[in-house]
Amino acid sequence: MTAVTLTLVLVIVTALAFDFTNGFHDTANAMAASISTGALTPKVAVGLSAILNLVGAFLSVEVALTVSNAVVKIQNKDGSPIDALAGDGGQTLLLIVLAGLAGGILWNLFTWLLGLPSSSSHALLGGLTGATVAALGWAGVKWTGDGTKLDGVIGKVLLPSFISPVIAMAVAFLGCWLVHRITNSVAHLLNDRHFRWGQIGSASLVSLAHGTNDAQKTMGVMTLALMASGHWTDTHAVPFWVKISAASAIALGTYLGGWRIIRTLGKGLVDITPRQGMASDGATASVLMAASHLGFALSTTHVATGSVLGGGLGRGTHVRWSTAGRMVTAWATTFPLAGLASAIMFWLGHSIGGVAGALVVFAVLVAGAWWMFRKSQENRIDHSNVTAEWDRPADVLDQHAPDHAGSNESPTSDLKG
């Protein structure tokens, strides 16, 4: 096995690991509300989400081959590697991709450890940007588009980070307010039964969209690595085994469930009821679908969190603003910190050189992932306690305000941990 081939194997394994973390990290986007309200049991919810992620991953690979073109200049328009990175058999490009993936994984695991929803897409784009800057300098970054569409770091990362939560919050606020105004006279039990079915439907659409959008990113990175090493030349297609492996990795990660993030989004932000949950999930699905139709890339995480917050405000529920503040902090730091981690990874690997450098980067990634996993076991959260009541002393605001201020409706009983 040549040095380039060994590095390629490390990149493929790391790409699938990122896809796996993407799956369990972003399960909360679709299923946190349904789990919190009892519309679905935890295991059924993540199982349904996993199946739909798997199906969604096969629906489209339209932008998979040019996924990195959004923020960095390491590919030509057709998806092939640029000439400047092809002179050493693709080793430099493979190291850029490996370092970018490693930074994205470490950020995903760190925010998961803290139970904070953050954008896996922005972690990957930030990682690729940081590694590219370390390799090619600031000129290797695409800050803005060519004027024909929103592109670059500003169009693909910064603007969506600010706009998507606000839009989703407004839609969910209006939807939840209207639903409560219209249905307040209907029997509470009837409301719960029907709105739970509405929740399941809208959450399923979010899962399907997530599989379609996010699995493409890993497919694109893997195909780029294959091109860089000379193992693939077709710039119009993704290898079938790449589709299968990427779809399976994101589905498996989804099924195992990012329980820590599900708990924060489902219980730590607002107390969700079936009506509020349906409005929130419906807002998430509608905003994502409208954005996709208009060609505007939004973070599923930002949209879902904004929807939950807007649903809570529309119902008059007390919002735990300290939790919301921590989420916003995670959003704001995802791109730069994932980029910084990846830049350090590239410098480390490049300074050692060759396949030895790639092995060291991979070893550092494994060590960091293992440490965070061990740390998570000190306060284990899984399907058995994900819907337990939020630890109120951890949020100062909750000590001075009732859970359901401004509402005559109580959330349905949850599965207790």
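Quick caveat: nothing in here was measured; it's all calculated off a predicted structure.

Definitions and cut-offs
- Residues numbered from 1 in each chain as written.
- Predicted model: local features only at pLDDT ≥ 70, side-chain atom pairs only at ≥ 80, totals over all residues.
- Heavy atoms only, no water.
- Helix = DSSP H or I, 4+ residues; strand = E, 2+ residues; numbered from the N terminus.
- Buried < 20%, exposed > 50% of the residue type's maximum accessible area, 1.4 Å probe, protein only.
- Contact = heavy atoms within 4.5 Å.
- Areas by Shrake-Rupley, 256 points an atom, 1.4 Å probe, with all protein chains shown as cover.
- Patch = residues over 30% accessible without salt bridge, like charges linked within 9 Å, V, L, I, M, F, W, Y side chains within 5 Å.
- Salt bridge = Lys/Arg side-chain N within 4 Å of Asp/Glu carboxyl O.
- Expected span 1.5 Å × (residues − 1).
- Core = buried A, V, L, I, M, F, W, Y, C linked by side-chain atoms within 4.5 Å.
- Bend = angle between axes of the 7 residues up to and from the residue.
- pLDDT = per-residue confidence, 0-100.
- Axes fitted to C-alpha atoms, helices over the stretch in contact; angles between N-to-C directions.
- Parallel < 35°, antiparallel > 145°, perpendicular 65-115°, else oblique.
- Left-handed = near helix turned anticlockwise from the far one by under 90°.
- Phe/Tyr/Trp six-rings, centres within 6.5 Å; stacked < 30°, edge-to-face > 60°.
- Lys NZ or Arg CZ within 6 Å of the ring centre and 35° of its normal.

Let's talk about the overall build of the protein
- Tallying secondary structure elements over the protein gives 12 helices and zero strands in all.
- Starting at the N terminus, the α and β elements of the protein follow one another as α-α-α-α-α-α-α-α-α-α-α-α.
- Residues classed as buried in the protein amount to 57% of the 417 residues present.
- Contacts in the protein between residues far apart in sequence, at least 24 positions, make up 83% of those at least 6 positions apart.
- Accessible surface, the protein: about 16,500 Å² in total, of which carbon and sulfur atoms supply 68%.

Quick look at a nonpolar patch on the surface
- Side chains of I154, L158, L159, F162, I163, I167 and V171 sit close together on the surface and give an oily, nonpolar patch of about 570 Å² of accessible area.
- Tracing the sequence through the fold places I167 in helix 5 (residues 152–183).
- Judged by relative accessible area, I167 falls into the partly exposed class, the value being 37%.

Quick look at the pattern of salt bridges
- In this structure the tally under the stated criterion is two salt bridges.
- For E378, the salt bridge identified is with K375, shortest N-O distance 3.6 Å.
- Put simply, D382 and R380 hold a salt bridge, and the shortest N to O gap is 3.4 Å.
- Residue class for R380 comes out partly exposed when judged on its relative accessible area of 48%.

Considering helix 2 (residues 42–57)
- Between its first and last C-alpha atoms helix 2 spans 22 Å; for 16 residues at 1.5 Å apiece the expected length is 22 Å, and the two agree.
- Taken together, the buried positions of helix 2 are occupied by P42, A45, V46, G47, S49, A50, L52, N53, G56 and A57.

Thoughts on the nonpolar core
- Counting 93 residues, the largest nonpolar core has L101, I262 and L269 as its most contacted members.
- Apart from residues no more than four positions distant in its own chain, L101 is found in contact with V11, T14, A15, F18, L124 and V221.

Some remarks on helix 1 (residues 3–37)
- Across its 35 residues, helix 1 extends 52 Å between first and last C-alpha, which sits within 8% of the 51 Å expected from 1.5 Å per residue.
- The largest bend along helix 1 reaches roughly 65° and is located at M31.
- Counting buried positions along helix 1 gives 27 out of 35 residues, so the element sits mostly inside the fold.
- One or two positions beyond helix 1, positive phi appears at G38, with a value near 85°.

Brief notes about the confidence of the model for the protein
- Residue-level pLDDT values for the protein average 79, and 82% of them are 70 or greater.
- Mean pLDDT across the secondary structure elements of the protein bottoms out at helix 9 (residues 274–294), with 71, and peaks at helix 12 (residues 354–376), with 95.
- With pLDDT under 50 throughout, residues 392–417 is counted as low confidence; its partners more than four residues away or in other chains account for 63 contacts.

A look at the environment of G47
- Along the chain, G47 falls in helix 2.
- Take G47: its relative accessible area is 15%, and that puts it in the buried class.
- The spacing of G47 and Y255 is 208 residues in sequence and 5.2 Å in space, taken between C-alpha atoms.

Examining the environment of G175
- For G175, the location among the structural elements is in helix 5.
- For G175, a relative accessible area of 24% corresponds to the partly exposed category.
- In this structure the C-alpha to C-alpha distance between G175 and G311, which are 136 residues apart in sequence, comes to 7.6 Å.

A few points about the packing of helix 2 against helix 7 (residues 240–256)
- The N-to-C vectors of helix 2 and helix 7 enclose an angle of 165°; their axes lie 8 Å apart at closest approach. Of the possible angle classes, the one that applies to helix 2 and helix 7 is roughly antiparallel. When the axes of helix 2 and helix 7 are compared, the crossing they make is right-handed. Contact residues: helix 2 offers V46, G47, S49, A50, N53, L54 and A57, while helix 7 offers A247, S248, I250, A251, T254 and Y255.

Some details on the packing of aromatic side chains
- Tallied over the entire structure, the rule returns five aromatic pairs.
- Measuring from ring centre to ring centre gives 5.6 Å for F24 and W112, while their planes differ by 70°; the resulting arrangement is edge-to-face. Note that F24 is positioned in helix 1 and W112 in helix 3 (residues 91–114), a separation of 88 residues in sequence.
- A relative accessible area of 12% places W112 in the buried class.
- Across from the ring centre of W112, 5.7 Å away, lies the NZ or CZ of R260, which sits over that ring.

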